[in-house]
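# Structural overview for review
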Amino acid sequence: MFEVLVTGGAGYIGSHTCVSLLDAGFSVVIADDLSNSKFEAISRIRSITGNKVTFYPYDVTDEIELEKIFTRHSIRCVVHFAGKKAVGESVEMPLEYYRTNLLSTISLTRVMKRHNVKNIVFSSSATVYGNSKKVPYSETAPTGNCTNPYAWTKWMNERILTDVHRSDPDWSVILLRYFNPVGAHPSGQIGEDPLGIPNNLFPYVTQVAVGKLDRLPIFGSDYPTKDGTGVRDFIHVMDLAEGHVSAVRKCIQDYGVHAINLGSGKGYSVLEVLHAFEEATGKEIPHYFCPRREGDVAVSYASTKKAAQELRWRAQRDLREMCQDAWNWQKLNPLGY
Ligand code: UFG
């Protein structure tokens, strides 16, 4: 049986993807230096699935460590999540972002090449569409024009992997462009565990609900949207995880470079999310309005046609389920892992 290497497998999307890969019958090897995640996530992946998972606490920028993994295991495909992901922090520490996020991809693909492993699924983001205004975003929309170093690292990694394929057409590269992943595994054992005050809407809302934070700031009430607040394509993290399983299946059977959106195709406003959360949980979320957050677009949601065609995958879970599962995780783990 061949194995799938998941870099960053202890992180939020990585851990859910490991569960879905194991549930689908794949063997999983995780490399994660735990710089922004906890070992407990690995234990919980094991306890949810009842499967064996090999874990290496390695830094994915380090070729010597990666060599050990590829020598010990018969890796057939890599799902590459490892990297830094906070937009605001990337503006303050650009060099750290370029170093970690680009070097990890370069080291990884160099080692893959030496071991003749040429199948990679990359964790990209809708952020590569930059300020492109036309919604829904289709994969043929222009990319670049990014507003922060984090976004540029996603864009540059897409470029690097595309050029790797161009140099050797045996490579199979799938670039998955995520919209806004939220929610948690229905067991409530794994979920999003941000360090410090959350930047993103859902973890902020759940931390208000659990009493860790007082009130939700709503950034902007004057956008040209149905209620003036920003609109995003929220996707349940389990749907996203299952999208990766489909992508791995395609990746190992296919060649070429494919950029594919993973979103629900629906846009919900910040106020709609707030009300859905209150309804799903019976918790009131105190909030207040403040000015727009720099770099935010008014509306972002995915065209989902390509994912349906190429991956035979579609998001199944609705906003209510996203809210219930996010809340279940937060309630069971008020302090995170
Ligand atoms: N928002 C608030 N209050 C908060 C946090 C967010 O009102 O406390 C609003 C934002 O202004 C935005 C919406 O909620 O309108 C969603 O914001 P998030 O921070 O949750 O998500 P973003 O859409 O800004 O960013 C997400 C990922 C990024 C990724 C981007 C790509 O977090 O990593 O999508 O589309 F780059």
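To be clear, the structure that these remarks concern was listed above.
A few words on helix H9 (residues 270–281). Between the first and last C-alpha of H9 there are 17 Å, a value that for 12 residues agrees with the 16 Å anticipated at 1.5 Å per step. When you tally the buried positions in H9, you get 9 out of 12 residues, the bulk of the element. Buried within H9 we find Val270, Leu271, Val273, Leu274, Ala276, Phe277, Glu278, Ala280 and Thr281. Tucked inside the fold, the buried residues of H9 contact helix H7 (201–209), strand S8 (216–219), strand S10 (234–236), strand S12 (268–269), strand S13 (287–290) and helix H11 (319–332). Downstream of H9 by a residue or two, Gly282 has a phi angle that is positive, lying close to 70 degrees.

Helix length check: H11 (14 residues) gives 20 Å between terminal C-alpha atoms against 20 Å at 1.5 Å per residue, within 8%. All of the buried residues in H11 are Leu319, Met322, Cys323, Asp325, Ala326, Trp327, Asn328, Trp329 and Gln330.

Neighbouring the ligand are 18 residues; Asn200, Pro217, Arg232, Arg293 and Asp296 lie closest to it. Take Asn200: an N or O atom from its side chain is 2.8 Å from an oxygen atom of the ligand. Between an oxygen atom of the ligand and a main-chain N or O atom of Leu201, the distance comes to 2.9 Å. For the ligand, whose free accessible area comes to 690 Å², the fraction covered by protein is 88%. Of all the secondary-structure elements, those providing two or more residues to the shell around the ligand are H7 and S8. Among the elements that line the shell around the ligand, the one with the most residues is S8, at 4 residues. Along the lines of polarity and charge, the residues of the shell around the ligand split into 9 nonpolar, 6 polar and 3 charged.

Here we take up empty space enclosed by the protein. Taken as a whole and assessed by the stated rule, the structure comprises 1 cavity of 30 Å³ or more. Contributing to the lining of the largest cavity are Tyr12, Val182, Gly183, Glu192, Phe202, Pro203, Thr206, Ala326, Trp329 and Gln330. For the lining of the largest cavity, the secondary-structure elements that each account for two or more residues are H7 and H11. Here the residues of the lining of the largest cavity sort into 6 nonpolar, 3 polar and 1 charged.

The next thing to look at is the environment of Glu40. Among the secondary structure elements, Glu40 is positioned in helix H2 (residues 39–49). Residues Glu40 and Lys85, 45 residues apart in the sequence, show an inter-C-alpha distance of 20 Å.

Before going further, it helps to spend a moment on the packing of helix H1 (residues 12–23) against helix H8 (residues 237–253). At a minimum axis distance of 8 Å, the contact between H1 and H8 shows a crossing angle of 60 degrees. Judged on the interaxial angle alone, H8 and H1 are oblique. For the pair H1 and H8, the crossing hand works out as right-handed. Contacts from Tyr12, Ile13, His16, Thr17, Ser20 and Leu21 in H1 reach Val237, Met238, Leu240, Ala241, Glu242, His244, Val245 and Val248 in H8.

Reading across the sheet, the 7 strands line up as S3-S2-S1-S4-S5-S6-S11 and stay open at both edges, with parallel pairing between neighbours. Unpaired on one side and paired on the other, strand S3 (54–56) and strand S11 (256–262) mark the two borders of the sheet. Direction aside, neighbouring strands of the sheet carry axes that sit 20 degrees apart on average. Relative to strand S6 (residues 172–178), strand S5 (residues 119–125) runs parallel, the two sharing 7 bridges. Residue pairing for S6: Asn119 is matched across the bridge by Ser172.

Right, let's talk about the packing of H1 against H2 for a bit. Packing of H1 against H2 leaves a shortest axis separation of 10 Å and a crossing angle of 30 degrees. Regarding the angle of H1 to H2, the classification is roughly parallel. H2 is crossed by H1, and the crossing has right-handed handedness. Residues Ser15, Cys18, Val19, Leu22 and Asp23 of H1 form the contact with H2, whose participating residues are Ile45, Ile48 and Thr49.

This part is about the environment of Ser187. Residue position: Ser187 is located in the loop between strand S7 (180–182) and H7. Using a relative accessible area of 30% as the deciding quantity, one classes Ser187 as partly exposed. In this view, Ser187 contacts Ile48, Asn328 and Leu332; residues no more than four positions away in its chain are not counted. For Ser187, the side chain forms a polar contact with the side chain of His185, separated by 2.7 Å. Here Gln189 takes part through its backbone nitrogen, which lies 3.1 Å from a polar atom of the side chain of Ser187.

Analysis parameters
- Residues numbered from 1 in each chain as written.
- Predicted model: local features only at pLDDT ≥ 70, side-chain atom pairs only at ≥ 80, totals over all residues.
- Heavy atoms only, no water.
- Helix = DSSP H or I, 4+ residues; strand = E, 2+ residues; numbered from the N terminus.
- Expected span 1.5 Å × (residues − 1).
- Buried < 20%, exposed > 50% of the residue type's maximum accessible area, 1.4 Å probe, protein only.
- Contact = heavy atoms within 4.5 Å.
- Near = heavy atom within 4 Å.
- Polar contact = N/O pair within 3.5 Å; in protein donor to acceptor, adjacent residues only side chain to side chain.
- Areas by Shrake-Rupley, 256 points an atom, 1.4 Å probe, with all protein chains shown as cover.
- Nonpolar A, V, L, I, M, F, W, Y, C, P; charged D, E, K, R; others polar.
- 1 Å grid on protein atoms, 1.4 Å probe; cavity = no way out; pocket = protein on both sides within 12 Å on 5 of 7 lines; lining within 4 Å.
- Points joined across faces, edges and corners; volume = space filled by probe spheres on them.
- Axes fitted to C-alpha atoms, helices over the stretch in contact; angles between N-to-C directions.
- Parallel < 35°, antiparallel > 145°, perpendicular 65-115°, else oblique.
- Left-handed = near helix turned anticlockwise from the far one by under 90°.
- Pairing = 2+ DSSP bridges.

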